[in-house]
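Working through the structure, step by step
The lines below spell out each chain.
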Amino acid sequence: MNISDVAKKTGLTSKAIRFYEEKGLVTAPARSENGYRSYAQKHIEELTLLRQARQVGFTLEECQELVALFHNPDRHSADVKARTLEKAAEIERHIEELKAMRERLLTLADACPGDEGADCPIIDNLSGCCHQKQH
């Protein structure tokens, strides 16, 4: 099957498919005499795995490991589960960091009068300085 067929079946763009191929994340497709890529069912599975793994936050490097595990008949589900739980914990840390950032922004916004004046506690706080009014 050609790249546009694969794109429709996987929900990826042709550009993304070529990118994953270029990065060595998927098995290289066969090439016909005219140089066109020819994809098989295994490519659909690899690319679907990549798309869905990326959607839940796995990095390209982590996706490469998942594709290797996908192809490894001796893999242990415990390894896949451990990687998945590590990713979930990493996402939880990011959520906490984002919550702290949001709270800081809300605190800064609360301190700002939001009027037509030039004095802005947000700028003062973010710049680490205080502007003194000049007489």
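Residues numbered from 1 in each chain as written. Predicted model: local features only at pLDDT ≥ 70, side-chain atom pairs only at ≥ 80, totals over all residues. Heavy atoms only, no water.

**Section: the pattern of salt bridges**
Going by this rule: By convention in these notes, a salt bridge is any Lys or Arg side-chain nitrogen within 4 Å of a carboxyl oxygen on Asp or Glu. Here a strand is any run of E in DSSP of at least two residues, a helix any run of H or I of at least four, and the numbering for each starts at the N terminus. We call a residue buried when its accessible area falls under 20% of the maximum for its residue type, exposed when it is over 50%, and partly exposed in between, using a 1.4 Å probe and counting protein chains only.
Using the criterion set out here, one finds seven salt bridges in the structure. Between Glu 62 and Lys 87 there is a salt bridge whose closest N-O contact spans 2.9 Å. Of the two residues, Glu 62 is situated in helix H4 (residues 60–71) and Lys 87 in helix H5 (residues 77–111); the sequence distance between them amounts to 25 residues. Residue classification places Lys 87 among the buried residues on the basis of a relative accessible area of 4%. Where Glu 96 meets Lys 99, a salt bridge forms, and the shortest distance between an N and an O atom there is 3.8 Å. Taken together, the residues Glu 96 and Lys 99, both in helix H5 and three residues apart, mark about one turn of the helix. Several salt bridges converge on common partners, so that one network encompasses Glu 21, Arg 31 and Arg 37.

**A word on H4**
The following threshold applies: A helix is expected to span 1.5 Å for every residue after the first. An arc is given here, and it is the one of the directions from the helix axis to the C-beta atoms. What makes two residues a contact is simply this: any of their non-hydrogen atoms within 4.5 Å.
Here H4 is 12 residues long and its end C-alpha atoms lie 17 Å apart, about the 16 Å a rise of 1.5 Å per residue gives. The complete set of buried residues in H4 reads Cys 63, Leu 66, Val 67 and Leu 69. When H4 is viewed along its axis, its buried side chains cluster within an angular range of 160° and face the same direction. In this structure, the buried residues of H4 make contact with helix H3 (41–55) and H5.

**Topic: helix H2 (residues 14–22)**
Along an α-helix, residues three or four positions apart point the same way, because every turn accommodates 3.6 residues. The complete set of buried residues in H2 reads Ile 17, Tyr 20 and Glu 21. Mapping the buried residues of H2 onto a view down its axis gives an arc of 100°, with all of them on the same face. Turned more than 90 degrees away from the buried face of H2 sit Lys 15 and Glu 22, all of them exposed. On its buried face, H2 sits against helix H1 (3–10), strand S1 (30–31), strand S2 (37–38), H3 and H4. In the stretch just after H2, Gly 24 is the one whose phi turns positive, near 75°.

**A closer look at the UniProt feature "coiled-coil region" (unreviewed entry) in the chain**
How we decide: UniProt positions are given in the numbering used here, feature names are shortened, and annotations may be inferred rather than shown by experiment.
UniProt feature "coiled-coil region" (unreviewed entry): in the numbering of this structure it lies at residues 81–111. Summarising residues 81–111: 100% helix, 0% strand, and an end-to-end C-alpha distance of 45 Å.

**Brief notes about the UniProt feature "domain: HTH merR-type" (unreviewed entry) in the chain**
UniProt's entry tags residues 1–69 with the feature "domain: HTH merR-type" (unreviewed entry), counted in the numbering of this structure. Taken end to end, residues 1–69 is 61% helix and 6% strand, and its two terminal C-alpha atoms sit 25 Å from one another.

**Focus: the packing of H3 against H4**
Applied cut-off: Throughout, an axis means a line fitted to C-alpha atoms (over the contacting stretch in the case of helices), and angles, computed between N-to-C directions, take values from 0 to 180 degrees. Each angle gets one of four labels, with under 35 degrees taken as roughly parallel, over 145 as roughly antiparallel, 65 to 115 as roughly perpendicular, and the rest as oblique. In this scheme the crossing of two helices becomes right-handed for a clockwise turn of the near helix relative to the far one and left-handed for an anticlockwise turn of less than a right angle. All residues other than Ala, Val, Leu, Ile, Met, Phe, Trp, Tyr, Cys, Pro, Asp, Glu, Lys and Arg, Gly among them, are scored as polar; the first ten of these are nonpolar and the last four charged.
The contact between H3 and H4 brings their axes to 10 Å, and the two run at 140°. What the angle tells us is that H3 and H4 run oblique. For the element pair H3 and H4, the recorded crossing hand is right-handed. Within the contact between the two elements, H3 uses Glu 45, Glu 46, Leu 49, Leu 50, Ala 53 and Arg 54 and H4 uses Leu 60, Cys 63, Leu 66, Val 67, Phe 70 and His 71. Grouping the amino acids of the contact of H3 with H4 by side-chain chemistry returns eight nonpolar, one polar and three charged.

**Observations concerning the packing of H1 against H2**
Where H1 contacts H2, the axes come no closer than 9 Å and their chain directions differ by 100°. Taken together, the axes of H1 and H2 lie roughly perpendicular to each other. Across from Ile 3, Val 6, Ala 7 and Thr 10 in H1, the residues of H2 making contact are Ser 14, Ile 17 and Arg 18. Among the residues forming the contact of H1 with H2, the class breakdown is four nonpolar, two polar and one charged.

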